[in-house]
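A closer look at the structure
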Amino acid sequence: MKTKFIEEVEKIQKNLSSEIKNIINYFLTHETIEKPHIIKILSLQKDEEDRNYIFKIANLIRKYYTGDFINIKGVIEFSNYCKKNCFYCGLRAKNPLIKRYRMSPDEIIQTANEAFHYGLDTIILQSGEDDLYTDEDLVNIISEIRKNTRLPVSLSIGERSFSSYRKFRKAGAVRALLKHETINRKIFENIHPDKNYENRIELLRYMNNLGYVTGSGNIIGLPNQTLEDIADDIIFMRDENIHMIGMGPFIPAKNTPLEHFSAGNAELTLNAYAATRLCIPRVQMPTTTALGTISQNLQYQGFFAGCNVIMVNITPDKYRKNYNIYDNKIKVEFYQTYKKIIELGFSPSPLTQKRMKEEINVSK
Ligand code: SAH
Ligand code: SF4
């Protein structure tokens, strides 16, 4: 397997500039790359030949290091209430124009049951920071979904207490997502009024210690962010042994302090995917909905830049339309995504393929 990988890399390497060749050689001996390499990859321009080659290498690493499948995960956005006030987010407590909703525990469990037939690889429960759901409510929701669907449950519910995350782990949640957003303290404190830079990082470490498959990530295109900052984010996630990485461009949201800032650069986001794949070869990395909101085609391009995950939205439509983290958030729909993955020459996971075959047989 490894020799096949190296043979394929060598075929590509013949055409590379010496700087890019050095990066690939460093990867071949160390199975990672370092900050100056990342900055170089981040700075590649859209039509540069070197960029195409780096994307090809990232795609080969995805193929040989992660098992050659695209995982489709389903997100249930179960509440858009949030007590926090992140400057970039439309769900912030101080946005009075959002129509708030909460799904009941039964509705959440039912939504997961209904998605069973898709053969999703994970059910992600996402919300604002909403304390109206008690730990016991969430424990019950997690264990019911586990019991009914046997699928891995992932939490993306923000900064609950350490002890809550311990309870959720016991209840069967195996994955947890908590983006550090940016590792540059100054930028972080500028956009988070509670300025609680350490807590997210400590919580991430705690989740890792509890045995969660732990996800972090950053936003690309925050005010005053440089390529060096993005490289620091990637190195931080490698050094913290993060297993899943969500990196999306900043998208302005109405009625937020960053409403008038411009969106993050989509092409730079693709570069960041490729750099991350070279830095952390085994990581699970979605091509994000935020990127798809800029251009759906670019979201699919993420697969060619090293991404191996996509999240589809299974929130009931009546609620989904109010989950406006940012403006014009697209719906990534299961069937369309499944078809597109195959059309582009990638393979959904064996579980998803099996369920889709069963579904075709039933409908015959
Ligand atoms: N409340 C939880 C989960 C929901 S928000 C939490 O904050 O962790 C999930 C992610 O949406 C955040 O981590 C943030 O990175 C992203 N997000 C919020 N607003 C955004 C915006 N305007 N543009 C891009 N990403 C945004
Ligand atoms: Fe709340 Fe998460 Fe939005 Fe921050 S990013 S305001 S915690 S939903």
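Further up the page is the structure itself.
Position numbers for residues start from 1 in each chain and track the written sequence from start to end. To label them, take the chains in the order written and letter them from A, then take the ligands in the order written and number them from 1. Given that this is a predicted model, residues contribute local features only at a pLDDT of at least 70 and side-chain atom pairs are listed and counted only at 80 or more, while totals for whole chains, interfaces and linings are drawn from all residues. Based on all heavy atoms of the structure, the side-chain values leave hydrogens and waters out of the count.

Here the focus is the overall build of the chain. Numbering of helices and strands runs from the N terminus, with a helix taken as a DSSP run of H or I at least four residues long and a strand as a DSSP run of E at least two residues long. Within the chain one finds 16 helices and seven strands. Expressed along its principal axes, the backbone C-alpha trace of the chain runs to roughly 60 × 55 × 35 Å. By the burial criterion, 57% of the 364 residues in the chain qualify as buried. Contact criterion: two residues are considered in contact whenever any of their non-hydrogen atoms come within 4.5 Å of each other. A separation of at least 24 residues holds for 74% of the contacts in the chain among residues at least 6 apart in sequence. The buried label goes to any residue with under 20% of its type's maximum accessible area, the exposed label to any with over 50%, and the partly exposed label to all in between, with areas taken from a 1.4 Å probe on protein chains only.

Let's shift gears to the packing of aromatic side chains. Classification of ring pairs uses Phe, Tyr and Trp, with its six-membered ring standing for Trp, and accepts pairs whose centres are within 6.5 Å; under 30 degrees between planes counts as stacked, over 60 as edge-to-face, and the remaining range as tilted. Within this structure, the stated rule accounts for 16 aromatic pairs. With a centroid separation of 4.9 Å and 25° between ring planes, the pair formed by Y101 and Y319 is classed as stacked. Residue Y101 is located in the loop between β1 (71-79) and α5 (105-115), and its partner Y319 is located in helix α14 (residues 317-320); the two are separated by 218 residues in the primary sequence. Per residue, the accessibility class of Y101 equals that of Y319, and both read buried. With centroids separated by 4.3 Å and ring planes inclined at 20°, the aromatic side chains of Y118 and F334 adopt a geometry described as stacked. Taken together, the residues Y118 in the loop between α5 and β2 (122-127) and F334 in helix α15 (residues 334-343) connect sequence positions 216 residues apart. For F334, a relative accessible area of 2% gives the class buried. A network of ring pairs unites the aromatic residues F5, F27, Y64 and Y65 as a single cluster. To sit over a ring, a charge needs its Lys NZ or Arg CZ within 6 Å of the ring centre and within 35 degrees of the ring normal. Positioned above the aromatic ring of Y212, the side-chain terminus of R169 is 5.8 Å from the ring centre. Above the ring of F116, the side-chain terminus of R355 is found at 4.3 Å from the ring centroid.

Two elements in contact, helix α7 (residues 162-170) and helix α9 (residues 197-210), have axes separated by 10 Å at closest approach and are oriented at 30°. One way to sum up the angle between α7 and α9 is to call them roughly parallel. In this structure, α7 meets α9 at a crossing whose hand is right-handed. In this structure, α7 uses F162, Y165, R166 and R169 to contact α9, whose residues at the interface are N199, E202, L203, Y206, M207 and L210. Note that Gly is not counted as nonpolar here; it falls among the polar residues with everything else outside the nonpolar set of Ala, Val, Leu, Ile, Met, Phe, Trp, Tyr, Cys and Pro and the charged set of Asp, Glu, Lys and Arg. Considered class by class, the residues forming the contact of α7 with α9 number six nonpolar, one polar and three charged. For every element, the axis is a line fit to its C-alpha atoms; helices are fit only across the contacting stretch, and the angle between N-to-C directions ranges from 0 to 180 degrees. In this scheme, roughly parallel covers angles under 35 degrees and roughly antiparallel covers those over 145, while 65 to 115 is roughly perpendicular and the rest are oblique. A clockwise turn of the near helix away from the far one marks a right-handed crossing, whereas an anticlockwise turn of less than a right angle marks a left-handed crossing.

In the neighbourhood of ligand 2, the contacting residues comprise C82, K84, C86, Y88, C89, R92 and G128. Residue composition of the shell around ligand 2, grouped by class: four nonpolar, one polar and two charged. Nearness is defined per residue: one heavy atom within 4 Å of the molecule or strand is enough.

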